[in-house]
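Here are the chains, one letter per residue:
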Amino acid sequence: MSELVLEFEGADASTRESLTTLWNRAYEGYYVPLSFKPEQLDRHVRRAGISLAASRVGRIEGLTFGLSLAAVLGDQAWIGGFGIAPEFRRKGLAGRLIQAQCEALHAAGVKRTRLEVIDFNPARRVYEAAGFTAQRELLLLEGRSPDGGEPGCMLSFDEVVQAHGAAHDPAPPTWRRGLPSLVKTLMEERAVIVGVKRGDDVAAFAVGVPELSRVVLIDAAAADLRAAEALLSALGARWPHTPLRLVDEPGEGPIAKAWTAAGFEVPLRQVEMVRRAV
């Protein structure tokens, strides 16, 4: 029996509709819902800085079996979507796809690639075999803001851009919460930026997007534990007793420590993994 023919091509060779279909097949049966409509995939690609030319689609005997979406900024990259369609799983194809993706990024001059994976996901072993190593734990934080609280202040776009690096210093942000992605999101979303100041300096901030029954925090940062506590109080003053949700929060940072101590739950844990070019 002849060996099956595997091919890998840039995702820019696929139509918007076929990429959306492949994304949804790749995430079928996933641990959390990740189904996209074409416009939602467009938004993800735009905000994260996904390079469709550097991303990879895998084909076997002409049939698409998986995709890897990669964002690129200078010599840094992030895998912002990776999966295999159900009928092609457990055949060793994930390892071939991530290797093809790493080769494409290496050819593009990338020296460091990051990704996040749910801590119990078997795909973690695939990434390890491709040279990724675990760096830190990331938490999904969910809880209610205090019923009232000490008011903070409303920050402008420019203020949060200027404060972003210093406020995140104790716990550097993930790719999706990095400044380039945040700027793109702020330009599109009707977000509210709540801050805590010490003198003229921003000690903490949170960028919140109100939804029907909760506020999604697309970014938050605090210089220390006291600032993280003050930030939660400020969110309570702005949105009293309201469900809050924050994704990709570094477990070692002041926000994770302060907010879990205040009763926030951690329904999901991820591991940030990094691969450095040899």
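Residues numbered from 1 in each chain as written. Predicted model: local features only at pLDDT ≥ 70, side-chain atom pairs only at ≥ 80, totals over all residues. Heavy atoms only, no water.

(A) Representation of the pairing of strand 10 (residues 215–222) within the structure. The buried fraction of strand 10 is high, at seven of eight residues. Here strand 9 (residues 201–210) runs beside strand 10; their pairing, made up of seven bridges, is antiparallel. Each residue of the ladder has a partner; that of Ala206, found in strand 10, is Ala220. Counting the residues in the hairpin turn of strand 9 and strand 10 gives four residues. (Buried < 20%, exposed > 50% of the residue type's maximum accessible area, 1.4 Å probe, protein only. Helix = DSSP H or I, 4+ residues; strand = E, 2+ residues; numbered from the N terminus. Pairing = 2+ DSSP bridges.)

(B) Region of interest: empty space enclosed by the protein. According to the stated counting rule, one finds two cavities of 30 Å³ or more in the structure shown. When its volume is computed, the largest cavity comes out at roughly 60 Å³. Considering the residues around the largest cavity, the lining is formed by Cys102, Leu105, His106, Val110, Lys111, Thr113, Arg275, Arg276 and Ala277. Of all elements in the fold, only helix 3 (93–107) and strand 12 (265–276) reach the threshold of two or more residues within the lining of the largest cavity. Considering each element in turn, the lining of the largest cavity owes the most residues, three residues, to helix 3. Residue composition of the lining of the largest cavity, grouped by class: four nonpolar, two polar and three charged. For the second largest cavity, the calculated volume is near 50 Å³. Around the second largest cavity, the lining residues are Ala167, His168, Pro170, Ala171, Arg177, Ala220, Ala221, Ala222, Glu249, Pro254 and Ile255. At the level of secondary structure, the elements contributing two or more residues to the lining of the second largest cavity comprise strand 10 and helix 8 (254–261). A class-by-class count of the residues in the lining of the second largest cavity yields eight nonpolar, one polar and two charged. (1 Å grid on protein atoms, 1.4 Å probe; cavity = no way out; pocket = protein on both sides within 12 Å on 5 of 7 lines; lining within 4 Å. Points joined across faces, edges and corners; volume = space filled by probe spheres on them. Nonpolar A, V, L, I, M, F, W, Y, C, P; charged D, E, K, R; others polar.)

(C) Region of interest: the layout of surface pockets. Roughly 170 Å³ of volume is contained in the second largest pocket. Elements represented by at least two residues in the lining of the second largest pocket include exactly helix 2 (38–48), strand 3 (63–73) and helix 6 (179–188). In terms of residue class, the lining of the second largest pocket is built from six nonpolar, five polar and three charged.

(D) Geometry of the sheet that holds strand 6 (residues 133–144). Read from one edge to the other, the open sheet built from 12 strands follows the order 1-2-3-4-5-12-6-11-10-9-8-7, with strand pairing classed as mixed. Looking at which strands have only one partner, the edges of the open sheet turn out to be strand 1 (6–10) and strand 7 (153–154). Pairing of strand 1 with strand 2 (residues 56–60), which is carried by five bridges, proceeds in the antiparallel orientation. Note that in strand 2 the partner of Phe8 across the bridge is Gly58. Those strands touched by helix 1 (residues 16–26) are strand 2, strand 3 and strand 4 (76–84), and its axis lies near 100 degrees from that of strand 3. (Contact = heavy atoms within 4.5 Å. Axes fitted to C-alpha atoms, helices over the stretch in contact; angles between N-to-C directions.)

(E) Representation of the pattern of salt bridges within the structure. This structure, assessed with the given rule, holds 19 salt bridges. The partner of Glu17 in a salt bridge is Arg16, with the nearest N and O atoms 3.6 Å apart. Among the residues examined, Glu17 registers a relative accessible area of 46% and is labelled partly exposed. Here Glu142 and Arg245 are joined by a salt bridge, their closest N and O atoms 3.1 Å apart. With Glu142 in strand 6 and Arg245 in strand 11 (residues 243–250), this pair connects stretches of sequence that are 103 residues apart. The partly exposed category is assigned to Glu142, whose relative accessible area is 28%. What makes Arg245 partly exposed here is its relative accessible area of 23%. (Salt bridge = Lys/Arg side-chain N within 4 Å of Asp/Glu carboxyl O.)

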